[in-house]
Amino acid sequence: MKTISKSLSKLNLLPAIIVCIYCWSCSQDDAFLSALESPETTLQQSTKDTVVYATVDNYQIPIYLSIPEDCENMNYPAMVVMHGSDGMWINHDIASGKMSGQNSEWRELFDANCIVGAFVDSYSGRGVSTRTGKWATAPDNFKISSQFIRPKDAYAALEVLKKLKFSDGRNVVRAKDIGLLGFSDGASAVASTLYDTDNTPADWEWTQSFDGKTHDTSSGVQPPRPRPESGFAGGVFYYGGSGGYNYWGASPCGDNAMEGNIFAPYAPMLYQIPTEGYLSENTLCLVNVLQEKEFPVERILYEGVGHGFDFDDNNQSAVARTNALNWFEEILHMEK
């Protein structure tokens with residue numbers, strides 16, 4: 001059987017989704033490839049990293065694809081990764097083609113475990129560097145909302161992965177074995193992406209509250225994307241918040257959480273929660289509610305670390321990464 005580095009001479013990318021392609025690890029002669037009107041785009045064998053652009057609500061959203069080498073698979077599990085509030089790139093510079101240390105480390109983990117990675121940049125295409133200042137509150141936050149905007153990006157990446165093909169017509173990725181991984185604001189986006197819209201009450205009104213003011217659909221709040229027929233296999237949630245600015249109704253820590261909070265995932269979730277995280281309380285409450293409602297969610301607590309511990313130099317980071325990969329191994333039917 002050929003390894004992927006020898007087989008990956010052509011990938012088929014639907015032009016309806018892909019706008020253009022840049023190769024960060026190509027030879028000098030192949031430093032730039034544009035998506036032609038033909039049904040497939042040729043990637044040279046030396047290509048390791050590729051950035052494609054998906055159109056979401058008329059914005060061009062960069063998706064960094066990492067393709068593992070020397071893995072003897074007919075096709076692969078894959079992971080869509082949602083970055084945190086500081087964005088995806090080193091120094092917030094997409095032109096560098098270099099992801100932040102955290103994302104680069106996860107890309108190396110994917111390579112080592114024969115996983116195709118799709119790292120989604122929800123910010124730069126929308127003119128945002130970090131979710132700070134005006135981007136942290138309404139109405140500007142609606143442009144990058146982890147509740148109803150970033151899930152669209154995740155599903156765009158899902159469709160890109162499903163349509164990647166080898167030159168012999170084989171799918172690069174197993175469509176049923178695509179997971180979702182997110183950190184902080186990206187973790188909130190993971191949960192929102194996996195929300196089961198079949199659980200929405202018939203008379204539900206989608207609103208969010210910022211600084212004591214309630215906003216509805218007339219001021220920019222959007223309903224979630226409908227649950228797809230074939231979505232993600234599951235998701236891992238790292239130290240995000242679960243209040244959603246009351247998007248899901250009652251506070252998960254409130255007395256009315258069981259009836260008043262409508263959040264419900266359609267796929268299994270693993271919550272990675274630091275005991276010292278400033279967003280941990282409402283997430284712990286939500287996990288308790290979901291488990292009482294018998295949804296397929298698990299939690300692992302990490303003692304003595306706080307928000308952002310994944311990219312800190314500590315033992316808990318390594319333990320959590322191992323736990324996440326072991327969890328995905330079962331969910332994504334990964335080969336040992």
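About the thresholds
Residues numbered from 1 in each chain as written. Predicted model: local features only at pLDDT ≥ 70, side-chain atom pairs only at ≥ 80, totals over all residues. Heavy atoms only, no water. Helix = DSSP H or I, 4+ residues; strand = E, 2+ residues; numbered from the N terminus. Buried < 20%, exposed > 50% of the residue type's maximum accessible area, 1.4 Å probe, protein only. Core = buried A, V, L, I, M, F, W, Y, C linked by side-chain atoms within 4.5 Å. Contact = heavy atoms within 4.5 Å. Axes fitted to C-alpha atoms, helices over the stretch in contact; angles between N-to-C directions. Parallel < 35°, antiparallel > 145°, perpendicular 65-115°, else oblique. Left-handed = near helix turned anticlockwise from the far one by under 90°. Nonpolar A, V, L, I, M, F, W, Y, C, P; charged D, E, K, R; others polar. Pairing = 2+ DSSP bridges. pLDDT = per-residue confidence, 0-100. Polar contact = N/O pair within 3.5 Å; in protein donor to acceptor, adjacent residues only side chain to side chain. Salt bridge = Lys/Arg side-chain N within 4 Å of Asp/Glu carboxyl O. Phe/Tyr/Trp six-rings, centres within 6.5 Å; stacked < 30°, edge-to-face > 60°. Lys NZ or Arg CZ within 6 Å of the ring centre and 35° of its normal.

**Some thoughts on the overall build of the protein chain**
Stage number 1. Helix and strand counts for the protein chain come out as 7 helices and 14 strands.
Stage number 2. Relative to its full complement of 336 residues, the protein chain shows a buried share of 54%.

**Brief notes about the nonpolar core**
Stage number 1. Among the nonpolar cores identified, the biggest contains 57 residues, and Val-80, Leu-161, Phe-232, Phe-263 and Tyr-271 are the most heavily contacted of them.
Stage number 2. At 7 residues, helix 3 (residues 150-163) tops the list of elements feeding residues into this core.
Stage number 3. When neighbours within four sequence positions are excluded, Leu-161 is seen to be in contact with Leu-65, Ala-78, Val-80, Val-116, Ala-118, Val-173 and Ile-178.
Stage number 4. Counting 30 residues, the second-largest nonpolar core is a separate cluster that includes Tyr-53, Met-79, Val-81 and Ala-233.

**As for the environment of Trp-135**
Stage number 1. The topology assignment puts Trp-135 in the loop between strand 8 (116-120) and helix 3.
Stage number 2. Remark: the alpha-carbon pair of Trp-135 and Ser-85, spanning 50 residues in sequence, is separated by 9.8 Å.
Stage number 3. Among all residues touching Trp-135, those that are not within four sequence positions of it are Gly-127, Val-128, Thr-130, Asp-140, Asn-141, Lys-143 and Ile-144.

**Brief notes about the packing of helix 2 (residues 101-112) against helix 7 (residues 315-331)**
Stage number 1. Contact pair helix 2 / helix 7: the axes reach a minimum separation of 12 Å and the direction vectors enclose 45°. Accordingly, the angle class assigned to the pair helix 2 and helix 7 is oblique. By crossing handedness, the relation of helix 2 to helix 7 is classed as right-handed. Residues Gln-102, Glu-105, Trp-106 and Leu-109 of helix 2 touch helix 7, and the partners they reach there are Arg-321, Ala-324 and Leu-325.
Stage number 2. For the contact of helix 2 with helix 7, the per-class residue count stands at 4 nonpolar, 1 polar and 2 charged.

**Some points on the pairing of strand 8**
Stage number 1. Most of strand 8 sits inside the fold, with 5 of its 5 residues counted as buried.
Stage number 2. Neither face of strand 8 is exposed, since Val-116, Ala-118 and Val-120 on one face and Gly-117 and Phe-119 on the opposite face are all buried.
Stage number 3. Relative to strand 8, strand 6 (residues 59-66) runs antiparallel, the two being bridged by 4 bridges. Note on strand 8: the bridge partner recorded for Leu-65 is Ala-118.

**Details of the confidence of the model for the protein chain**
Stage number 1. Mean pLDDT over the protein chain stands at 87; residues scoring 70 or higher make up 85%.
Stage number 2. Here residues 1-10 scores under 50 on pLDDT; set against residues more than four positions off or in separate chains, the count is 37 contacts.
Stage number 3. Scored below 50 in pLDDT, residues 12-47 makes 89 contacts in the model with residues more than four places away or belonging to other chains.

**Some remarks on the environment of Trp-89**
Stage number 1. Mapping Trp-89 onto the fold places it in the loop between strand 7 (76-82) and helix 2.
Stage number 2. For the pair Trp-89 and Asp-121, spaced 32 residues apart in sequence, the C-alpha separation works out to 8.4 Å.
Stage number 3. When neighbours within four sequence positions are excluded, Trp-89 is seen to be in contact with Val-51, Tyr-64, Ile-94, Gly-97, Lys-98, Met-99, Ser-100, Asp-121 and Ser-124.
Stage number 4. Of note is the side chain of Trp-89, whose polar atom sits 2.8 Å from the side chain of Asp-121.

**Structural notes on the pattern of salt bridges**
Stage number 1. Inspection of every chain in the model, using the stated rule, returns 13 salt bridges.
Stage number 2. A salt bridge links Asp-153 to Arg-126, with the shortest nitrogen-to-oxygen separation between them at 2.8 Å. On the criterion of sequence distance, the pair formed by Asp-153 in helix 3 and Arg-126 in the loop between strand 8 and helix 3 is long-range, its members being 27 residues apart. For the residue pair Asp-153 and Arg-126, the accessibility class agrees, reading buried in each case.
Stage number 3. Salt-bridge contacts for Asp-185 lead to Arg-150; the nearest nitrogen and oxygen are separated by 2.9 Å. Here Arg-150 lies in helix 3 and Asp-185 lies in helix 4 (residues 185-193), a separation of 35 residues in the sequence. Across the pair, exposure class does not vary: Asp-185 and Arg-150 are buried alike.
Stage number 4. Each of Glu-105, Asp-310 and Arg-321 takes part in salt bridges that share partners, so that together they form one network.

**Observations concerning the side chain of Thr-130**
Stage number 1. Mapping Thr-130 onto the fold places it in the loop between strand 8 and helix 3.
Stage number 2. Looking at Thr-130, the relative accessible area reads 14%, which means it is buried.
Stage number 3. A polar contact of 2.8 Å, which involves the side chain of Thr-130, links it to the side chain of Thr-132.
Stage number 4. Apart from residues lying up to four places away in sequence, Thr-130 is in contact with Ser-85, Asp-86, His-92, Tyr-123 and Trp-135.

**Quick word on the packing of aromatic side chains**
Two descriptors summarise a pair of aromatic rings, namely the distance from one centre to the other and the angle between the planes of the rings.
Stage number 1. Going through the model one piece at a time under the given rule, you end up with 27 aromatic pairs.
Stage number 2. Residues Tyr-302 and Phe-309 carry aromatic rings whose centres are separated by 5.2 Å and whose planes lie at 35° to one another, so their mutual orientation is tilted.
Stage number 3. Residue classification places Phe-309 among the buried positions, given a relative accessible area of 0%.
Stage number 4. Members of the aromatic cluster, each reached through a chain of ring pairs, are Tyr-64, Trp-89, Trp-106, Phe-110, Phe-119, Phe-183, Tyr-238, Tyr-239, Tyr-302 and Phe-309.
Stage number 5. Sitting over the ring of Tyr-155, Arg-225 keeps its end group 4.2 Å from the ring centre.

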